[in-house]
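The chain contents come next:
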Amino acid sequence: MKAITLLGSTGSIGTQTLDIVSQYPDQFRIVGLATKRNGQLLAEQIRQFRPEIAAICDVDQLPMIQTAIADLDPQPMLLAGEEGVVEVARYGDAEVVVTGIVGCAGLLPTIAAIEAGKDIALANKETLIAGGSIVLPLMQKHGIQLLPADSEHSAIFQCLQGVPAGGLRRILLTASGGAFRDLPVEQLASVTIADALKHPNWSMGKKITIDSATLMNKGLEVIEAHFLFGLDYDHIDIVIHPQSIIHSLIELEDTSVLAQLGLPDMRLPLLYALSYPDRIPTAWEPLDLVKIGTLTFREPDHDKYPCMGLAYAAGRAGGSMPAVLNAANEQAVALFLEEKIQFLDIPRVIGKVCDRHHPHQPQHPHPR
Ligand code: MG
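Rules used in this analysis
- Residues numbered from 1 in each chain as written.
- Predicted model: local features only at pLDDT ≥ 70, side-chain atom pairs only at ≥ 80, totals over all residues.
- Heavy atoms only, no water.
- 1 Å grid on protein atoms, 1.4 Å probe; cavity = no way out; pocket = protein on both sides within 12 Å on 5 of 7 lines; lining within 4 Å.
- Points joined across faces, edges and corners; volume = space filled by probe spheres on them.
- Helix = DSSP H or I, 4+ residues; strand = E, 2+ residues; numbered from the N terminus.
- Nonpolar A, V, L, I, M, F, W, Y, C, P; charged D, E, K, R; others polar.
- Buried < 20%, exposed > 50% of the residue type's maximum accessible area, 1.4 Å probe, protein only.
- Contact = heavy atoms within 4.5 Å.
- Salt bridge = Lys/Arg side-chain N within 4 Å of Asp/Glu carboxyl O.
- Pairing = 2+ DSSP bridges.
- Axes fitted to C-alpha atoms, helices over the stretch in contact; angles between N-to-C directions.
- Expected span 1.5 Å × (residues − 1).
- Donors = N, O, S within 2.8 Å, 3.2 Å for Na, K, Ca; no water.
- Phe/Tyr/Trp six-rings, centres within 6.5 Å; stacked < 30°, edge-to-face > 60°.
- Left-handed = near helix turned anticlockwise from the far one by under 90°.

Participant: What's the story with the layout of surface pockets in this structure? I'm lost.
Facilitator: The probe, sized like a water molecule, is rolled over the atoms to show the empty space still left. Put simply, the largest pocket is a space of about 950 Å³. Looking at the largest pocket, it is lined by 33 residues, and the ones nearest its centre are Gly100, Ile101, Val102, Gly205 and Lys207. Counting residues per element, the ones that place at least two in the lining of the largest pocket are helix H1 (12-23), helix H10 (206-214), helix H11 (216-229) and helix H15 (321-337). Within the lining of the largest pocket, the residues separate by chemical class into 12 nonpolar, 12 polar and nine charged.

Listed below in structure tokens is the structure:
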């Protein structure tokens, strides 16, 4: 039985992780739960999964949760605020901490979990993009595993099992193309929030769905892949694959290409991150290639989606630039969701911010 702590338990990653845990109660046990602000759902989750510890970032909701679970015996340790989330991250005998908190808020708890010697099932992009230069040496120091829970990086990680050191030549990240993949570039200026939130294949949180529509999500994944797998940016490519069946591919030094395939369901990479290195039998719908029929690929359109180029440039600039790119993107997406800027302003804002930033170049860590 694997002991798991879940950060961001009420979000998309969190609820899907708990769905897995409830399907395999003899495989997984929840030690800690933490979330930003959905106290109501957290209280229900505490009731169902009976963690030893739980925290809510929004301090104001603590009394409501206390009341909602007052009848539970034994009572979990209940904390609030950012420090509470950090405490959950490092607490107890959890072997794996799933980091499903969106944004830079996920960074400090992740560092706390690593320092407590816990493996990380990584679903928070900022950990590597904003914190890669801190997190990677820390991981090595504490001898912990970073298990990618994102579908693309999980695919690469799965393909790499059994590939000897030095065997990897190139990474091919697949991209669905997002909500506007079939929309002519002229029409992008007038798209609405509702349009952008309609993802063709994946069901995800709001921020990441907008990031998919701008393809910044793919750009951020390129930077993550650089940190996770140690290839330089000339050897990480993006290919548009509208069916989202191939979750990513690797090319080896002898030109052999390996791919990981599956239906677009986040639970699959999450399950592998939790069960690694084991494979847990599931009754989930298997992939039927004949039913899928066709897998297609095309070149990403850099003029239509400038966010990819911005991400490559920030990754190559290194130092603090990926963190700045990421922060600018977080703010630009928030402004778009508040209807304060247009869709095409998102890359404009990010480009301006990055232009003004002179990256600090600390000890640029050599990726693994
Ligand atoms: Mg992804």
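Participant: Could you clarify how one ought to interpret the environment of Val86 in this entry?
Facilitator: Turning to its location among the elements, Val86 is positioned in helix H4 (residues 81-90). Taking the relative accessible area as the measure of exposure, Val86 reaches 15% and is therefore buried. Leave out the neighbours within four places in its chain, and Val86 touches Leu108, Pro109 and Ala112.

Participant: What's the story with the pattern of salt bridges in this structure? I'm lost.
Facilitator: Pairs may arise between side chains of opposite charge once their charged atoms sit close together. For the structure shown, the criterion picks out 21 salt bridges. Across the salt bridge formed by Lys218 and Glu152, the nearest N and O atoms sit 2.7 Å from each other. In this pair, Lys218 sits in helix H11 while Glu152 sits in helix H8 (residues 151-160), placing the two residues 66 residues apart along the sequence. Take Lys218 and Glu152: they sit in the same class, and that class is buried. Through salt bridges that share partners, Lys125, Asp150, Glu152, Lys218 and Glu221 make up one connected network.

Participant: In this structure, what is going on with empty space enclosed by the protein? I would like to understand it.
Facilitator: Per the counting criterion, the structure on display carries three cavities of 30 Å³ or more. Taken as a whole, the second largest cavity encloses approximately 40 Å³ of empty space. If you go around the second largest cavity, the residues you meet are Ser151, Ser154, Gln158, His247, Gln260, Leu268 and Pro269. Of all the elements in the fold, those that place two or more residues in the lining of the second largest cavity are H8 and helix H12 (267-275). With three residues, the single largest contributor to the lining of the second largest cavity is H8. Taken together, the residues of the lining of the second largest cavity sort by class into two nonpolar, five polar and no charged.

Participant: What am I meant to see in the sheet that holds strand E11 (residues 257-261) here?
Facilitator: Strand pairing in a sheet is mediated by backbone hydrogen bonds. Such pairs are either parallel or antiparallel. Overall, mixed pairing links the four strands, which are arranged E9-E8-E10-E11 in an open sheet. Each end of this open sheet is capped by a strand with a single partner; those strands are strand E9 (236-240) and E11. Across the sheet, the mean angle from the axis of one strand to that of its neighbour is 20°, orientation sign disregarded. Examined bridge by bridge, strand E10 (residues 246-252) and E11 share five bridges and lie antiparallel to one another. Each residue of the ladder has a partner; that of Leu249, found in E11, is Ala259. In this fold H11 packs onto strand E8 (168-175) and E9, with an angle of close to 155° to the strand it touches most, E8.

Participant: What exactly am I supposed to notice about H15 here?
Facilitator: Spacing of three or four residues puts side chains on the same side of an α-helix, whose turn is 3.6 residues. Under the 1.5 Å per step criterion, the end-to-end length of H15 is 24 Å for 17 residues, consistent within 8% with the ideal 24 Å. Each element contacted by the buried residues of H15 is listed here: helix H6 (126-129), helix H9 (193-196), H10, H11, helix H14 (306-317) and helix H16 (345-356). Downstream of H15 by a residue or two, Glu339 has a phi angle that is positive, lying close to 60°.

Participant: How should I be thinking about the coordination of the magnesium ion in this particular structure?
Facilitator: Metal coordination angles in their ideal form are 109.5 degrees for the four-donor tetrahedron and 90 or 180 degrees for the six-donor octahedron. Looking at the magnesium ion, one finds its protein donor set to be Asp150 (OD), Glu152 (OE) and Glu221 (OE), positioned 2.0 to 2.4 Å from the metal centre. Here Asp150 falls in the buried class, since its relative accessible area comes to 12%. By relative accessible area, Glu221 is classed as buried at 1%.

Participant: Any chance you could explain the packing of aromatic side chains here in plain terms?
Facilitator: How two aromatic rings sit relative to each other is given by the distance of their centres and the angle of their planes. Throughout the structure, instances matching the rule amount to six aromatic pairs. Aromatic pair Tyr233 and Tyr312: ring centres 6.4 Å apart, planes at 75°, arrangement edge-to-face. Of the two residues, Tyr233 sits in the loop between H11 and E9 while Tyr312 sits in helix H14, which places them 79 residues apart along the sequence. Here Tyr233 and Tyr312 have matching classes, each one buried. Considering the side-chain rings of Tyr272 and Tyr276, the 5.8 Å spacing of their centres and the 85° angle between planes classify their relative orientation as edge-to-face. Assigned by exposure class, Tyr272 and Tyr276 land together as buried. Taken together, the aromatic side chains of Phe157, Tyr272 and Tyr276 make up a single cluster linked through ring pairs.

Participant: Sorry, what's going on with the sheet that holds strand E2 (residues 28-35) here?
Facilitator: The seven strands lie next to each other as E4-E3-E2-E1-E5-E6-E7, forming an open sheet whose pairing is parallel. Whereas interior strands pair on both sides, the edge strands pair on one side only; in this sheet they are strand E4 (77-80) and strand E7 (146-148). Recorded for the sheet is a direction-independent mean angle of 20° between the axes of neighbouring strands. The sheet contact formed by strand E3 (residues 53-56) and E4 spans four bridges and is parallel. By the bridge assignment for E4, Ile53 is matched with Met77. The strands touched by H1 within the sheet are strand E1 (2-7), E2 and strand E5 (96-99), with E2 carrying the most contacts at an inclination of about 160°.

Participant: I'm lost on the packing of H15 against H16 in this one. Help?
Facilitator: Put simply, H15 and H16 touch, their axes get as near as 9 Å, and they point 145° apart. Helix-helix and strand crossings are classified by hand; for H15 and H16 the assignment is right-handed. Contacts between H15 and H16 involve Met321, Val324, Leu325, Ala328, Asn329, Ala332 and Phe336 from the first element and Ile346, Val349, Ile350, Val353 and Cys354 from the second. In the contact of H15 with H16, the residues fall into 11 nonpolar, one polar and no charged.

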